[in-house]
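# Coordinate analysis (summary)
Okay, here's what each chain looks like letter by letter:
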Amino acid sequence: NGKKWLATLALTVGVGLLVSACGSGGQQASGGGSGSAAGDSKVYVVGTDAAYPPFEKMEADKITGFDIDVVQAVADAAGIKIEVKNTGWDPLFDGIDKGNVDLGISAVTITDERKQKYDFSDPYFEANQLILLPEDSTVAKLADLKGKKIGVQSATTGEQVVKKAFGDTYEGIKGYDDTPSAVDDFFIGRVDAVVADNAVLQDYAKKMKDKKFKLIKDDSFEVEHYGIIVKKGNADLLNKINQGMKTIKENGKLKEINDKYFGQ
Ligand code: ARG
């Protein structure tokens, strides 16, 4: 706990006082800054599904994680103010559609389908899907799960790869609003496997050393890249984000955040 406090303190000092604004799920007015014409005084609302450690999670009433550090560093480098809200996954996209969320960071994979509806920043993280299985499972590839129950977070790339393999109407697929619920169901035997992002499942593996399970990769799983999303056509905000992203890639800040969460 002492360590946690230290980390929190270091983070606060490190990224500046703005971070104090990203407190709880936040009931503050959205569409912030509308009272002023000066672009820089606007507070941009960032949406995230804070149930996806190590990328985003609730820690007491604070939202923390890799993505939160990244978006704060990007905002600092771009000279914009942000407020992070725990919107959940589907409402994040709805919020951007409706305009009460300005940008989203939530380990969102850049896909062609999503690019039709949203604009993505330059990528900031590389990922792929993995399959979570009981340690003694004979399943060696995705196809071996045919007929079995597979847990996924709904409307994610994990769901996509399962549907691609078994069809859109596969009855074995069980969709959850968030990934921890799928993993919980796996550990009590309600689903035979979970398909989700590698770093998230690996984070579970680290934390649940006492449980017997394994992670495997299927050859069909492609390389994915995470990006920050904005409403389609919001070029002004996207340019600021990309400029900030470029800066933190060049000045080592992104690597520093990477090392903090994933080691060298
Ligand atoms: N990378 C996957 C996708 O974009 C899963 C992301 C889920 N993120 C979250 N915070 N729940 O579909």
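Note that the structure is a prediction, hence the values are computed from the model and not measured. (Residues numbered from 1 in each chain as written. Predicted model: local features only at pLDDT ≥ 70, side-chain atom pairs only at ≥ 80, totals over all residues. Heavy atoms only, no water.)

### Regarding the packing of aromatic side chains
Heads up, the condition is: Pairing of aromatic side chains requires ring centres within 6.5 Å, counting the rings of Phe and Tyr and the six-membered ring of Trp. Pairs whose planes differ by under 30 degrees are stacked, by over 60 edge-to-face, and all others tilted. Where helices and strands are cited, they refer to DSSP runs of H or I of at least four residues and of E of at least two residues respectively, numbered from the N terminus. The rule is simple: take the accessible area with a 1.4 Å probe, protein chains only, and divide by the maximum for that residue type; under 20% is buried, over 50% is exposed, in between is partly exposed.
Under the counting rule described, the total for this entry stands at 17 aromatic pairs. Considering the side-chain rings of Phe55 and Phe66, the 5.7 Å spacing of their centres and the 85° angle between planes classify their relative orientation as edge-to-face. Here the residue Phe55 occupies a position in the loop between β2 (51-52) and β3 (56-59), and Phe66 occupies one in helix α2 (residues 66-78), the gap between them amounting to 11 residues. The same class applies to Phe55 and to Phe66, which are both buried. Plain terms: the ring middles of Phe55 and Phe262 are 5.9 Å apart, the flat faces sit at 45° to each other, and that makes the pair tilted.

### Examining the nonpolar core
To keep things clear, this is the line we draw: What makes a nonpolar core is a set of buried Ala, Val, Leu, Ile, Met, Phe, Trp, Tyr and Cys residues whose side-chain atoms join them at distances within 4.5 Å.
Of all hydrophobic cores here, the largest spans 49 residues; its most connected members are Phe55, Phe66, Val70, Leu103 and Tyr124. Here this core takes 8 residues from α2, the largest share from any one element. Membership of the second largest hydrophobic core comes to 16 residues, among which are Leu133, Tyr170, Ile173 and Ala193.

### Regarding the sheet that holds strand β4 (residues 62-64)
Selection rule: In this analysis, strands are considered paired if DSSP registers two or more bridges between them.
Across the sheet, 3 strands lie side by side as β2-β3-β4; this open sheet has antiparallel pairing. Only two strands of the sheet have a single neighbouring strand rather than two, namely β2 and β4. Summarising the sheet, β3 and β4 pair through 3 bridges and their orientation is antiparallel. Note on β4: the bridge partner recorded for Met58 is Ile63.

### Quick look at unusual backbone geometry
The omega torsion across Pro53 and Pro54 is 10°, close enough to zero to call that bond cis. Inspection of the secondary structure puts Pro54 in the loop between β2 and β3. In this model, Ala107 sits at a positive phi of 55°, which is unusual for a non-glycine residue. Of note in the backbone geometry, Ala155 takes a positive phi value of approximately 60° without being a glycine. Inspection of the secondary structure assignment puts Ala155 in the loop between β10 (150-153) and α5 (157-166).

### What to know about α2
Note the following rule: Multiplying 1.5 Å by the residue count of a helix minus one yields the expected span of that helix.
With 13 residues, α2 extends 18 Å between its outermost C-alpha atoms, agreeing within 8% with the 18 Å of an ideal straight helix rising 1.5 Å per residue. Of all the 13 residues making up α2, 11 are buried; the element is thus mostly covered by neighbouring parts of the structure. Along α2, the residues that are buried comprise Phe66, Asp67, Ile68, Asp69, Val70, Val71, Gln72, Ala73, Val74, Ala75 and Ala78. Following α2 by one or two positions, Gly79 adopts a phi angle in the positive range, close to 75°.

### Quick notes on the confidence of the model for the protein chain
Under the convention used in this document: The score called pLDDT rates the predictor's confidence residue by residue, from a low of 0 to a high of 100. Note on contacts: a residue pair is in contact if any heavy atoms of the two residues lie within 4.5 Å.
Of the residues in the protein chain, 84% have a pLDDT of 70 or more, and the chain-wide mean is 89. In this model, residues 11-38 is a region of pLDDT below 50 whose contacts with residues beyond four sequence positions or in other chains number 43 contacts. For this predicted complex, the interface confidence comes out at an ipTM of 0.98, alongside a pTM of 0.86.

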